[in-house]
Amino acid sequence: MTSFDTSPQLNVWRALLALAVVFVMLATTGWTALRNQRETTALQASLESWGHGRLQGHPLPDPDTAPAQLARFFASLTSPERVRLAQRYPLAVGNMNGAPVQLRYQANRLALLQARAVERTRMHDKRLTPAGQQEAGRRMHRFESLTAPERHILAFDPDGSGRVAEVFGDLRTAERISVVVPGVDTDVLTFQRTNRSWSAPFGMARALYGAERQASPSTRTAVIAWADYTAPAGLGIDSATAMRAENGAVRLNALVRALPGTAPVSLFCHSYGSVVCGVAAHTLPDRVADIAVAGSPGMRVANASHLRTTARVWAMRDADDWIQDVPYMEVGGLGHGADPVSSAFGARVLSARGADGHAGYFEPGTESLLNFAEIGIGAYRSVHCAHEDEACRAGLSGTATAGRA
């Protein structure tokens, strides 16, 4: 039988080969990326328009102002004034941290209707290829589905591959808030799927919300499907580095800091989403009680203590998940560090029994989803650990609405 070298030296060699590929791809694609970054997006245009706007003769506040200050600004307005701003600047208001949640829903519905009209026109644009017209049709139908009255869109950006965040439950009255942070190939078109719905952000969040409600009907919960960062496309250079995660971490931190109320927040980070959560960990506010990762390629640190967070760190991986075969290391910016389910990492390791491969952690009926739900409602003593020693439950309380224990 032929033996295969699995030594650290081989892993380093693989990483160095990948690094060479990085330089080649950057050399051939860098100009295009720079050119695209210089284009003004619809969201930027809306924000610039807001920046020149006035209300009752007074300039509007800087949209980058701290969420608490923006919240006070909106609270000082009459209801008609708030609605007028949402109608004039739907993309700006819909993505403005500090704007009232309900107003953001209204603004994003208007923005989606406008984006739908744009795509409907593009469907018949003779300057586009048939494939381009077909993609415009897919985007048009996706935007239309997001405008349904029962959907609560917290963030929306139609430019590029698109970004979106959707809420299940009531953020304003929630006692516990969960945020699902997805991984690669996440955009406005892959936000929701019909087959294996739990493998896409919308289905992940909906399944988690249902599981939390079933686990504790008396606990008021809200779950956010957060696809509001530009995720890597496929298993290429972007997914092997932290570039996308660094931008995503800034956006994730801004989201959490703008959430209404003081309810504890739990992050559920899948695949490359765990890289985003790892990079963001040290900047997140103390209300983040839990960071739970599933199918993680690493969190950009060698040990959970290096995340510099007061949140509990949880990790799980299904036995059939291909992610276990990636080199858990970081060399020259490539790779994402240590394996979060290894004993040396120091996370609380949970059972993922029933999950089917890399995309099955949120499938209803799995132990992985049940564990996520128990964390989401704060029932920490009810989680199913991966190992018999139950170290993952050490020192935890078991009340459904508990904060840190």
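In what follows, the structure referred to is the one given above.
This structure is a prediction, so every number in the text was calculated from the model and none was measured.

Undergrad: How would you explain helix 10 (residues 243-258) if you had to name every residue and give the values?
TA: Taking 1.5 Å per residue, 16 residues should reach 22 Å; helix 10 reaches 24 Å between its end C-alpha atoms and fits that length. Within helix 10, the full set of buried residues consists of Ala-245, Gly-248, Ala-249, Leu-252, Asn-253, Leu-255 and Val-256. The buried residues of helix 10 occupy an angular sector of 160 degrees when projected down its axis, which confines them to one face. Looking at the buried residues of helix 10, the elements they touch are strand 3 (152-157), strand 5 (176-181), strand 6 (221-227), strand 7 (265-270), helix 11 (272-280) and strand 8 (288-294).

Undergrad: How would you summarise the pattern of salt bridges if you had to cite specific residues and measurements?
TA: A complete count under the given rule lists 15 salt bridges for this structure. Asp-290 is the salt-bridge partner of Arg-176, the closest N and O atoms lying 3.4 Å from each other. Linking Arg-176 in strand 5 with Asp-290 in strand 8, this pair joins segments that are 114 residues apart in sequence. Just as Arg-176 is buried, Asp-290 falls in that class too.

Undergrad: Any chance you could break down the environment of Phe-202 for me, citing the residues and the numbers?
TA: Tracing the sequence through the fold places Phe-202 in helix 8 (residues 201-215). We classify Phe-202 as buried; its relative accessible area is 8%. Through-space distance from the C-alpha of Phe-202 to that of Ala-225 is 5.7 Å; in sequence the pair is 23 residues apart. In this structure, Phe-202 is in contact with Arg-151, Glu-166, Phe-168, Phe-191, Gln-192 and Ala-225, ignoring residues within four places of it in sequence.

Undergrad: Can you explain the packing of helix 6 (residues 101-122) against helix 7 (residues 130-146)? Please cite residues and give values.
TA: How two helices pack is summed up by the angle between their axes together with the distance between the axes. Direction vectors running N to C along helix 6 and helix 7 enclose 155 degrees, while the axes themselves pass 8 Å from each other. Judged on the interaxial angle alone, helix 7 and helix 6 are roughly antiparallel. When you trace helix 6 past helix 7, the crossing you get is left-handed. Along its contact with helix 6, which presents Leu-112, Ala-115, Arg-116, Glu-119, Arg-120 and Arg-122, the element helix 7 presents Gln-133, Ala-136, Arg-139, Met-140, Phe-143, Glu-144 and Leu-146. Here the residues of the contact of helix 6 with helix 7 sort into 6 nonpolar, 1 polar and 6 charged.

Conventions used here
Residues numbered from 1 in each chain as written. Predicted model: local features only at pLDDT ≥ 70, side-chain atom pairs only at ≥ 80, totals over all residues. Heavy atoms only, no water. Helix = DSSP H or I, 4+ residues; strand = E, 2+ residues; numbered from the N terminus. Expected span 1.5 Å × (residues − 1). Buried < 20%, exposed > 50% of the residue type's maximum accessible area, 1.4 Å probe, protein only. Arc of directions from axis to C-beta. Contact = heavy atoms within 4.5 Å. Salt bridge = Lys/Arg side-chain N within 4 Å of Asp/Glu carboxyl O. Axes fitted to C-alpha atoms, helices over the stretch in contact; angles between N-to-C directions. Parallel < 35°, antiparallel > 145°, perpendicular 65-115°, else oblique. Left-handed = near helix turned anticlockwise from the far one by under 90°. Nonpolar A, V, L, I, M, F, W, Y, C, P; charged D, E, K, R; others polar.

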